[in-house]
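Residue-level structural notes
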Amino acid sequence: MKKYILFLFTLVAVSCSKDDFSEKSIESKIVVEGWIEEGDYAQVLLSSSIPVTDAIDSTNVLNHVIRSAKITISDGETSEVLRVKNDKNRVPPFVYFGSTLMGEAGKEYSIKIEYLNRVVQAVTTIPKSVKLKSAEYIKKNAADTTGYIFVKFDDPVNEKNYYQIATKIDKEEPVFVPVFYGNLDDKNFKESSVTVQVNRGILLFPKTKFTPYFADGDLIHVKLRTQNKDALDFWNSWQNEIVNSKNPIYPSNTSLKSNIKGGIGIWAGYGQSTLTVKTPPKK
């Protein structure tokens, strides 16, 4: 899940001087981006929040990455301590990962993070996956070289579901990026058959100039996630910060919703269904 866009909330600004977790900086916060998907293992990005007075760039972001925490995941029967690895294709390039507990729909998963004298905890469940029926690249005009993705799926009747749509462009994005306005509550659906236009989401420190659409020549992986209400609330609050601050990268304040006790961020379980879309070759 998935992601390094969520490391953006590492950049939540707090009123402290430095984030080295010394006694002089007790106002700094541990920031968690953690997830476990159905059919996959847990992944966690961990950092400290960046003060409002600090510059926001890739170098400073790396200075706030936490690489020496003990992170334990449990399903109530089996526990696993995550390992950390360096992935140069990601920003930040350090991710804690599991290899024992594979996500299963309906199960509850807890996370416990121990770092210096701090303990951060959260609990989540993995909702049942909903299958994508189709994902299609559509251009407004045949001569266009850009377009949007339209996805179709059936929302199960008499079930409460929350969704998130994410995309990953092959060889350009190393992770799935949540799309803009892609957090969906099925109370807003008029019928069970759902069609959604996908607007490309923002990646942290992209290699190329950001555009909200897809282009000819892209190989696009499209994922439909089922999520819980706390994850929906987090993502919606994140999206609102982006829109309200008129800043497509960093939120303006610390009003993000969170299910993390002792820190900020999100620990989420996701169901998932993925399709791949091949666009026409570049002319």
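**Concerning the side chain of T167**
Tracing the sequence through the fold places T167 in strand β13 (residues 162-169). Ignoring any residue separated from it by four or fewer positions in sequence, one finds T167 in contact with E173, V175, F176, V177, V179, V198, F214, I220, H221 and V222.

**Some remarks on the pairing of strand β9 (residues 108-115)**
Burial along β9 is one-sided: the residues Y109, I111, I113 and Y115 are buried and none of E108, S110, K112 and E114 is. Bridge count between strand β5 (residues 70-74) and β9: five bridges; the pairing is antiparallel. In the sheet register, S74 faces β9, and the bridge partner there is S110. Looking at chain direction, β9 and strand β10 (residues 118-125) are connected through eight bridges and run antiparallel. Within the sheet, the bridge partner assigned to I113 lies in β10 and is V120. Hairpin remark: β9 followed by β10, antiparallel, with two residues in the connecting loop; positive phi at L116, about 55°.

**Re unusual backbone geometry**
Backbone geometry at L116 places phi at a positive 55°, although glycine is not the residue there. Counting through the fold element by element, L116 comes out in the loop between β9 and β10. Since its relative accessible area comes to 60%, L116 is described here as exposed. Residue K171 is not a glycine yet carries a positive backbone phi of 70°. Structurally, the position occupied by K171 is in the loop between β13 and β14 (177-185). Classification of K171 as exposed rests on a relative accessible area of 83%.

**Remarks on the sheet that holds strand β17 (residues 219-227)**
Read across the sheet, eight strands follow the order β7-β8-β3-β2-β18-β17-β13-β14 without closing on themselves; strand pairing throughout is mixed. Since the sheet does not close on itself, it has two edges, and those belong to β7 (83-86) and β14, each with one partner. If you compare each strand with its neighbour and ignore which way they point, the axes differ by 30° on average. Where strand β2 (residues 30-37) lies against strand β18 (residues 264-278), seven bridges are found, and the strand directions are parallel. By the bridge assignment for β18, V31 is matched with I264.

**Describing the environment of K85**
With respect to the helices and strands, K85 occurs in strand β7. Residue classification places K85 among the partly exposed positions, given a relative accessible area of 38%. Along the primary structure K85 and R67 are separated by 18 residues, whereas in three dimensions their C-alpha atoms are 9.0 Å apart. If near-sequence neighbours (up to four positions away) are discounted, K85 is found in contact with P93, F94, V95 and F97.

**Description of the pattern of salt bridges**
Taken as a whole and judged by the stated rule, the model has twelve salt bridges. K107 is paired through a salt bridge with D75; the nearest N and O atoms lie 3.4 Å apart. Linking K107 in the loop between β8 (94-102) and β9 with D75 in the loop between β5 and β6 (79-81), this pair joins segments that are 32 residues apart in sequence. On the accessibility criterion, K107 (27% relative accessible area) is partly exposed. Overall, D75 belongs to the buried group, its relative accessible area being 16%. Here R200 ties to E172 by a salt bridge, and the two come within 2.9 Å at their closest N and O atoms. Placement of R200 in the loop between β15 (193-198) and β16 (214-215) and of E172 in the loop between β13 and β14 is noted, with a sequence separation of 28 residues between them. The class for R200 is buried, based on a relative accessible area of 9%.

Parameters and conventions
- Residues numbered from 1 in each chain as written.
- Predicted model: local features only at pLDDT ≥ 70, side-chain atom pairs only at ≥ 80, totals over all residues.
- Heavy atoms only, no water.
- Helix = DSSP H or I, 4+ residues; strand = E, 2+ residues; numbered from the N terminus.
- Contact = heavy atoms within 4.5 Å.
- Buried < 20%, exposed > 50% of the residue type's maximum accessible area, 1.4 Å probe, protein only.
- Pairing = 2+ DSSP bridges.
- Axes fitted to C-alpha atoms, helices over the stretch in contact; angles between N-to-C directions.
- Salt bridge = Lys/Arg side-chain N within 4 Å of Asp/Glu carboxyl O.

From the geometry alone we can't say anything about function, so treat these as descriptive.
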